[in-house]
Structures are given as C-alpha cells and as structure tokens.
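# Structure at a glance
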Amino acid sequence: MFADRVLSGMRPTGNLHLGHYHGVLKNWVQMQHEFECLFFVADWHALTTHYDNPQIIEQSVWDMVVDWLAAGVDPAHATLFIQSKVPEHAELHLLLSMITPLGWLERMPTYKDQQAKLTEKDLSTYGFLGYPLLQSADILIYRATQVPVGEDQVPHIEFTREIARRFNHLYGRDPGFEEKAESAVKKLGSKKARLYQELRTRFQEQGDDEALESAKALLDEQHSLSLGDRERLFGYLEGGGKMILSEPQSMLTVASRMPGLDGQKMSKSYNNTISLREDEVSVAKKIRTMPTDPARVRRTDPGDPEKCPVWQLHQVYSSEQTRQSVVHGCKSAGIGCIECKQPVIDAVLDEQRPMRERAQMYLDNPSLVKNIIADGNEKARKLACETMREVREAMGLSYS
Ligand code: TRP
Ligand code: SF4
C-alpha cells in the first residue's frame, strides 16, 4: 500500500566482528539503495540485559556507529539514529503496554531461552519481559513495512503484528471517523473525490477488486495528503476503521553462517572472532595460528579440508580456482598449512581495507559521526512524533 520502509536496530553490547558484517551489515548496505531505511542503535534494548554494566553500552554506541559507517552504511541513503534520543519510543512502549496481555510476552520463545542461556544474569525483570514490546514500539512508531531480522527474532515481528491489530481494533474506530473521512475525501479535489467515491461504492457494493486497486493507486499518488487523512481514506475504502498502526513483515536475513577461527559460528561468546576493523598484524596472526586438520601433524601428512576450519574460510573468501588447489594440495600434502592460509589472510585484509580507511576518516573527525547521528535523531524524531500524535488522539490523550 505504502512504499516500503525498512527499520532495523542493533544492540550496542561490544565490538562488531566479521560475523556481523557478513550476517547483517552487508545486507543493510545493499538495502539502503533499494528502500527507505532507518537503522538505529538499540541502547535501551542493551540495558535490558546489561543494566548492571552500562559502561559497555556507552563505549559501544559510538564504536558501533563507526563500524556501520566503515562497513559502508551511508548516511546519504539511510537514517542512522540512537533509540534513547527519540524518547517517543518509550511513550509508545508504555501506551502499548496497557493493551498487551502478559501471556503474549511470557510465551515468547526468546524470553525463556535467553533466561536459560544467560544464567549469570538475573533477567526476571519487568524490562526484560517487555523487551519484545519495546521492539514493537520501535517498529510501529515508524510504520515500518519491512524489518530485517535473524530467525530468532521472527516471533517478535509476528507479535508486533498482533499488537498493531489489537491496537487498531480497539482504537481505530474513533467516533468522528466517518465525518473525518468524508472531509478528507473533499481534500482530494472535486474530480478525484468523485472518482474515489465511485470506486469505493463499486468495491463496497459489488466487491469489485479492480476498483479497490484503482482507488488505492489514486491515493498513492496524493502526496499532499497528511498521513492521518491518507490512512483514514485507505481505511474508509475498505469499510473498516482507521488503520493507525501498520503491520510490518519480517525480512529474514538468510543466515549466512560466518565461520569463526575455530570452525564454530563466529561469535563473541566463543572467543573466535576477527573484529570488523582489527589491525592487520593481529588479523594475520589470528589466521596463521588457526587450528587445522589435526591429522596433519607434519608437513608431509596429507589432510582433509572437511576437517579444517581454514577450509570454511576459503569457502567464504576464495575463488573456485583457489579452492580447487587447496583441496588438491591438502589431500596430497602438496601445500603446507601456512601456505594454504595466505590467500585467506589476503582476502580478509582486502575486505577490511576500505572499512579501515572509511573508519579512519571518522576517527580523525569524531564530529562527523556526532553530526550524522544528530541529523538522524532529528529525522527519526519527526516521523515518531507524527505517529504519536495519532496514537494519543486515538487513545483519548490529546487534551489541550
Ligand atoms: N531485538 C533485536 C536484536 O536483538 C534488536 C532490535 C531492537 C531490533 N529493536 C529492533 C531489530 C527493531 C529490528 C527492529 O537483534
Ligand atoms: Fe587446512 Fe589448508 Fe592445512 Fe588442509 S592445507 S589442513 S585445508 S590449512
């Protein structure tokens, strides 16, 4: 119905590594050219699990933004902001909490899973239980249509749709809806208003789907309508009330499983990562000391790439030709492991070079980063305030 708007957030809880780059950031960089994109630092979300160690959040916020920029997220194409600088997220979270059944939150798979996994933390808090609802507020406040997330987050998006539906059901039919819709129709101008009414009647009386589509197309072209009127007219078309909060879709990021230095998935908790802009000497050293097929004790012992974590990195980084010579050289003991690792080292360094360069520009000039975020905060806040005005009005909170 509306043009797509993509929103995603990342929790600032430490250094970003190449797993984040391959799993998330590359995807953001691509999407910024295809959609309107909003990317934010989910600092309040980080507090739900790191409330006892806020220093790490404070440190990570700016590093993470530099990492995004280094990876190629471009403030000319995407809006970058910090959640806590748009306090309307908290207001929407509070208001939505009024209509959120506890059971919906308690049933969330991430709730039990994370509590079981992070045993060193006490996560039986109000804030942690409400985590998915805060995420819903993040999404709904921008009327995002697409939310790129990993598989574990899909239930949160489904939950967000349910919250939006419940909200619209409870508050979408304000008493003056018909009158407001009629006066919005007038704002289309007499010719288009007549066309809209005609199409609406054809759809409502004869179920003519083509008429519905034409009317929607007509509304899509009316750029001067306020967001409120626009949605009223969409709602009025189909006979329902006003759609105040729109239901987002999840955009499943294909789990490109980035292998770490030990062959397990790259993850901070496995201590097997290469940071996004780790210095060259350290990268080379980490790869050079990676474990290999344990059967290759001596240089003359043949090996099996399938049993070697280095081979997994070749699959991410190397050309078909290099991979073939690795397989052959390993199985025939024709190459040594150090020799085998060199192309991986080169490829990782090549990948990181432009990132390190871009990052350097921002590190030399921290005010650039601050300005990008200040800009983004302002843009985001404008959008958020528009939605909040309608939410307050719908919930009977627009006293003056
Ligand atoms: N919960 C997400 C995560 O753990 C981060 C997040 C917070 C988010 N709010 C969001 C992601 C809104 C997408 C949209 O990764
Ligand atoms: Fe691994 Fe390469 Fe050594 Fe074979 S030659 S064991 S693939 S590092």
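In this text, all values refer to a predicted model and were calculated from it rather than measured experimentally.

## Focus on the site of ligand 1
Looking at ligand 1, there are 13 residues lining it, with Arg11, Tyr131, Gln135, Asp138 and Gln153 nearest. Contact between ligand 1 and Tyr131: a nitrogen atom at 2.8 Å from a side-chain N or O atom of the residue. Contact distances for ligand 1 include 3.1 Å between a nitrogen atom and a side-chain N or O atom of Gln135. Contact with the protein chains covers 87% of the free accessible surface of ligand 1, which is 360 Å². For the shell around ligand 1, the secondary-structure elements that each account for two or more residues are strand S1 (5-10) and helix H8 (131-140). Class assignment of the residues belonging to the shell around ligand 1 gives a composition of 6 nonpolar, 5 polar and 2 charged.

## Details of the environment of Asp152
Its location among the elements puts Asp152 in the loop between strand S4 (146-149) and helix H9 (154-171). Along the sequence, Asp152 and Pro109 sit 43 residues apart, while their C-alpha atoms lie 8.5 Å from each other. Among the polar contacts made by the side chain of Asp152, one reaches the side chain of Gln153 at a distance of 3.3 Å.

## Regarding the site of ligand 2
Close to ligand 2 lie Thr292, Asp293, Arg296, Cys308, Val310, Cys330, Cys337 and Cys340, which account for all nearby residues. Within the shell around ligand 2, the residues separate by chemical class into 5 nonpolar, 1 polar and 2 charged.

## Some words on helix H15 (residues 309-317)
When H15 is considered as a whole, its buried residues turn out to be Pro309, Val310, Trp311, Leu313, His314 and Tyr317. Contacts made by the buried residues of H15 are with helix H1 (18-31), helix H16 (320-331) and helix H17 (337-364).

## So, the packing of aromatic side chains
On inspection of all chains with the given rule, the structure shows 8 aromatic pairs. Here the aromatic cluster, defined as three or more aromatic residues joined through ring pairs, consists of Trp28, Phe39 and Trp68. A cation over a ring is seen here: Lys370 above Trp62, with NZ or CZ 4.0 Å from the ring centre.

## A look at the pairing of strand S3 (residues 78-82)
Along any regular strand, the residues point their side chains to alternate faces of the sheet. Judged by how many residues are buried, S3 sits mostly within the fold: 5 of 5 residues are covered. Here S3 shows no split at all, with Ala78, Leu80 and Ile82 on one side and Thr79 and Phe81 on the other all buried.

## Here we look at the pattern of salt bridges
Using the criterion set out here, one finds 18 salt bridges in the structure. The residue Arg392 makes a salt bridge to Glu91 at a minimum N-O spacing of 2.8 Å. Within this pair, whereas Arg392 is found in helix H18 (residues 366-394), its partner Glu91 is found in helix H4 (residues 88-97), the two being separated by 301 residues in sequence. Beyond isolated ion pairs, a larger network of salt bridges with shared partners links Arg143, Glu231 and Glu390.

## Observations concerning the side chain of Asn272
Its place among the elements puts Asn272 in the loop between strand S5 (249-252) and helix H14 (280-288). Judged by its relative accessible area of 2%, Asn272 falls in the buried class. At 2.8 Å, the side chain of Asn272 forms a polar contact with the side chain of Asp262. Among the polar contacts made by the side chain of Asn272, one reaches the main-chain amide nitrogen of Ser267 at a distance of 3.0 Å. Contacts of Asn272, omitting those with residues within four sequence positions, involve Gly260, Leu261, Asp262, Gln264, Lys265, Met266 and Ser267.

## Quick word on the domain arrangement of the chain
Domain annotation of the chain identifies domain 1 (5-172 + 366-394), domain 2 (177-237) and domain 3 (277-363). Computed over C-alpha atoms only, the centres of domain 2 and domain 3 are separated by 60 Å.

## Considering the environment of Val24
Looking at where Val24 falls in the secondary structure, it is placed in helix H1. Considering only alpha carbons, one finds Val24 and Thr253, 229 residues apart in sequence, at a separation of 7.3 Å. When sequence neighbours within four positions are dropped, the list of residues in contact with Val24 reads Met10 and Gly19.

Calculation criteria
Residues numbered from 1 in each chain as written. Chains lettered and ligands numbered in written order. Predicted model: local features only at pLDDT ≥ 70, side-chain atom pairs only at ≥ 80, totals over all residues. Heavy atoms only, no water. Near = heavy atom within 4 Å. Polar contact = N/O pair within 3.5 Å; in protein donor to acceptor, adjacent residues only side chain to side chain. Areas by Shrake-Rupley, 256 points an atom, 1.4 Å probe, with all protein chains shown as cover. Helix = DSSP H or I, 4+ residues; strand = E, 2+ residues; numbered from the N terminus. Nonpolar A, V, L, I, M, F, W, Y, C, P; charged D, E, K, R; others polar. Buried < 20%, exposed > 50% of the residue type's maximum accessible area, 1.4 Å probe, protein only. Contact = heavy atoms within 4.5 Å. Phe/Tyr/Trp six-rings, centres within 6.5 Å; stacked < 30°, edge-to-face > 60°. Lys NZ or Arg CZ within 6 Å of the ring centre and 35° of its normal. Salt bridge = Lys/Arg side-chain N within 4 Å of Asp/Glu carboxyl O. Domains from an automatic or database assignment.

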